[in-house]
Amino acid sequence: MLGPVSARAAERHTLRLMAAPTIGILAVQGDVREHVAALHELGTGTVLVRRPEEVERIDALVIPGGESTVIDKLVRTFELQEPLRKRIEQGMPVYGSCAGMILLADRITDGAPGQQTLGGLDITVRRNAFGRQVDSFETELDFAGLDRPVHAVFIRAPWVEEVGEDVVVLARVGEGPAAGKIVAVRQGGLLATSFHPEVGTDRRIHAEFVKIGSSRG
């Protein structure tokens, strides 16, 4: 089995053989730098997205973890909501981690008053489902399509309560009080996780998203 460094080198080699997409990072709030670093480790170019014109420069988008209510308000303040919704409707690949999952969901349970999403994923998410900041935890998860478990970091994370018929469930919590809860999904070019793969050194989920962006670019 390849070690972490060898595995990342293999991923970079594979991605170099593909048409590299330009991936935007929604940079209004949240752990933007961590996603930029993860993608740069894979040799993928990034654009920080804060203005409507930058939405047109990208082939795919990452919505980082953070505060979903704050990201929602800033997306509307910076007039990004409609351009992003349009690109998602047109098929632009998007990956959302934690708060990003909430922003991609069509429906929210326990959302803040007036909270809106970009939508696209036919799922219902429960906001802060795992509890408060002090209830954050880490665990190993089996993830569909990957040859070994991923180390998942959950920070005030949502989970998925319902999925539409076109949504593929990629991971569930394996044990504990939340056993069986859905924490990773994909629908076409849209990928979402409740947890933060940008934290740590495992870049396989980011690599999977780059492949999605390359195949749909």
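Everything that follows concerns the structure shown earlier in this document.
The notes below deal with the structure included here. These numbers come from a predicted model, not from an experiment. (Residues numbered from 1 in each chain as written. Predicted model: local features only at pLDDT ≥ 70, side-chain atom pairs only at ≥ 80, totals over all residues. Heavy atoms only, no water.)

## A word on the overall build of the protein
- Tallying secondary structure elements over the protein gives 7 helices and 12 strands in all.
- A total of 217 residues make up the protein; the buried ones form 49% of that total.
- Approximately 9,900 Å² of the protein is accessible, and the part contributed by carbon and sulfur atoms is 49%. (Helix = DSSP H or I, 4+ residues; strand = E, 2+ residues; numbered from the N terminus. Buried < 20%, exposed > 50% of the residue type's maximum accessible area, 1.4 Å probe, protein only. Areas by Shrake-Rupley, 256 points an atom, 1.4 Å probe, with all protein chains shown as cover.)

## Some details on the nonpolar core
- One finds F143 and F195 to be the most contacted residues of the largest nonpolar core, which totals 34 residues.
- Among the secondary structure elements, those contributing two or more residues to this core are β1 (23-26), α2 (32-41), β3 (60-63), β8 (150-154), β10 (168-172), β11 (182-187) and α7 (204-215).
- Ranked by the residues each element gives to this core, the list is headed by α7, at 5 residues.
- Among the nonpolar cores identified, the runner-up in size contains 31 residues, and L80, A99, M101 and I182 belong to it. (Core = buried A, V, L, I, M, F, W, Y, C linked by side-chain atoms within 4.5 Å.)

## Topic: the pattern of salt bridges
- Counted under the stated rule, the structure contains 13 salt bridges.
- Between R126 and E161 there is a salt bridge, with its nearest N and O atoms 2.7 Å apart. Of this pair, R126 sits in strand β6 (residues 121-126) while E161 is found in strand β9 (residues 159-163), placing the two residues 35 residues apart along the sequence.
- Accessibility expressed as a relative area gives 23% for R126, which makes it partly exposed.
- A relative accessible area of 34% places E161 in the partly exposed class.
- A single salt-bridge network, built from bridges that share partners, covers D147, R148, D202 and R204. (Salt bridge = Lys/Arg side-chain N within 4 Å of Asp/Glu carboxyl O.)

## Some thoughts on the pairing of β8
- Counting buried residues along β8, 4 of its 5 residues qualify, which places the element largely inside the surrounding structure.
- Here strand β7 (residues 137-141) runs beside β8; their pairing, made up of 5 bridges, is antiparallel. What sits directly across from E140, in β8, is H151. (Pairing = 2+ DSSP bridges.)

## What about α7?
- Between its first and last C-alpha atoms α7 spans 17 Å; for 12 residues at 1.5 Å apiece the expected length is 16 Å, and the two agree.
- Counting buried residues along α7, 9 of its 12 residues qualify, which places the element largely inside the surrounding structure.
- Taken as a whole, α7 has its buried residues at R204, I205, H206, A207, F209, V210, I212, G213 and S214. (Expected span 1.5 Å × (residues − 1).)

## Details of the side chain of E54
- Along the polypeptide, E54 turns up in helix α3 (residues 52-55).
- A distance of 2.8 Å separates the side chain of E54 from the backbone nitrogen of R51, its partner in a polar contact.
- In this structure, E54 is in contact with L48 and V49, ignoring residues within four places of it in sequence. (Polar contact = N/O pair within 3.5 Å; in protein donor to acceptor, adjacent residues only side chain to side chain. Contact = heavy atoms within 4.5 Å.)

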